[in-house]
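The primary structure of each chain is shown beneath.
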Amino acid sequence: MGSFYSEYLNSSKVLEHYTYTKETLETQETPSRQVASAFIIILCCAIVVENLLVLIAVARNSKFHSAMYLFLGNLAASDLLAGVAFVANTLLSGPVTLGLTPVQWFAREGSAFITLSASVFSLLAIAIERHVAIAKVKPYGSDKSCRMLLLIGASWVISLVLGGLPILGWNCLGQLEACSTVLPLYAKHYVLCVVTIFSVILLAIVALYVRIYCVVRSSHAEMAGSQTLALLKTVTIVLGVFIVCWLPAFSILLLDYACPVRSCPVLYKAHYFFAFATLNSLLNPVIYTWRSRDLRREVLRPLRCWQRAAGVQGRRGGTPGHHLLPLRSSSSLERGTHMPTSPTFLEGNTVV
């Protein structure tokens with residue numbers, strides 16, 4: 001066992017595995033790769049900024065301290081960390097990869113797996129919470145805090161375990177024939193396990209949102225107008241973006257499992273598929289906040305303050321107090337109790 005883990009610090013192991021699985025090795029940066037890396041880093045910076053704005057909005061306004069908004073904050077946190085991890089992954093890729101030790105390589109890939117997995121599990125946790133809340137056809141009960149913490153904690157624990165399995169021993173060090181082509185130090189069976197888990201999660205999310213829609217149609221027939229249409233539209237957007245972003249990555253990983261070494265050249269372009277999957281972290285805040293008018297206003301509020309502050313500085317004798325306007329709420333949660341208090345419905349804006 002000791003000799004096995006001693007290979008984690010062997011600087012020649014990464015080169016050995018890449019030489020076995022790759023037809024050619026990237027020993028120097030090419031202009032096309034530099035452009036692609038720059039684009040990915042810009043994309044990840046956008047992911048970090050927009051998810052940070054969501055976290056600031058949720059943290060600074062007590063109105064957003066309800067269970068559902070905290071779930072959205074957890075999703076934003078996982079997406080933000082995914083952006084940071086993918087920046088690190090990009091900077092440590094290419095020729096730099098061949099100089100890494102196995103433990104550094106596992107840390108690089110594992111961090112990306114953990115954060116991207118956390119984003120996916122956060123989506124599942126939101127779907128579960130929505131299903132429980134809607135199926136009961138009543139506001140959250142006294143057990144909401146326990147259920148919320150359980151779902152959030154479970155999503156991160158499972159993500160940590162899933163992303164940490166290779167560094168704990170489920171890898172192909174010393175077994176080159178069992179190695180993945182896309183991730184040359186990962187065992188193919190581990191890759192298949194990850195794809196299977198994510199596929200099951202996708203099916204579970206689809207099933208839960210179909211169930212939510214059925215319950216809304218049957219139990220809230222009086223809202224079968226704009227509320228139902230908004231719900232259906234949001235569910236369609238969420239599921240459509242999730243499938244579009246992740247299906248190419250799932251497909252390339254399944255192909256990786258099925259293909260013998262060096263027999264599928266498309267696998268050498270897998271980093272483009274993973275970069276495309278990262279778009280899910282970019283689009284999640286847009287989908288989940290744009291459907292809530294109040295959250296959208298609070299997210300954009302810092303940008304408006306900065307714009308107004310810049311305008312005041314540019315005008316001599318301006319009144320600096322004008323750029324801090326109070327947030328005017330249109331949420332039914334503050335105006336009255338005639339609307340359902342389930343977090344599925346927010347003043348004609350559905351957050352799903």
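Cut-offs applied
- Residues numbered from 1 in each chain as written.
- Predicted model: local features only at pLDDT ≥ 70, side-chain atom pairs only at ≥ 80, totals over all residues.
- Heavy atoms only, no water.
- 1 Å grid on protein atoms, 1.4 Å probe; cavity = no way out; pocket = protein on both sides within 12 Å on 5 of 7 lines; lining within 4 Å.
- Points joined across faces, edges and corners; volume = space filled by probe spheres on them.
- Helix = DSSP H or I, 4+ residues; strand = E, 2+ residues; numbered from the N terminus.
- Nonpolar A, V, L, I, M, F, W, Y, C, P; charged D, E, K, R; others polar.
- UniProt positions renumbered as here; feature names shortened; annotations may be inferred.
- Axes fitted to C-alpha atoms, helices over the stretch in contact; angles between N-to-C directions.
- Parallel < 35°, antiparallel > 145°, perpendicular 65-115°, else oblique.
- Left-handed = near helix turned anticlockwise from the far one by under 90°.
- Contact = heavy atoms within 4.5 Å.

Regarding empty space enclosed by the protein
All told, the structure shown has two cavities of 30 Å³ or more when counted by the stated rule. Quantified by volume, the second largest cavity comes out at close to 60 Å³. Lining the second largest cavity are Asn51, Val54, Leu72, Leu75, Ala76, Asp79, Asn284, Pro285, Tyr288 and Thr289. Contributing elements (two or more residues each) for the lining of the second largest cavity: helix H3 (31-60), helix H4 (67-91) and helix H10 (279-290). In terms of residue class, the lining of the second largest cavity is built from six nonpolar, three polar and one charged.

With respect to the UniProt feature "transmembrane region" (unreviewed entry) in the protein chain
If you check UniProt for "transmembrane region" (unreviewed entry), the listed places come out as residues 35-58, 70-92, 112-128, 149-169, 189-210, 230-250 and 270-290 in our numbering. Here residues 35-58 is 100% helix and 0% strand, with 35 Å between the C-alpha atoms at its ends. With 96% helix and 0% strand, residues 70-92 has its two end C-alpha atoms placed 33 Å apart.

Comments concerning the packing of H3 against H10
Contact pair H3 / H10: the axes reach a minimum separation of 9 Å and the direction vectors enclose 30°. For the element pair H3 / H10, the angle class is roughly parallel. Of the two elements, H3 crosses H10, and the hand of that crossing is left-handed. Residue-level inspection shows Leu43, Ala46, Ile47, Glu50, Asn51 and Val54 of H3 in contact with H10, the latter providing Leu279, Ser281, Leu282, Leu283, Pro285, Val286 and Thr289. By residue class, the composition of the contact of H3 with H10 is nine nonpolar, three polar and one charged.

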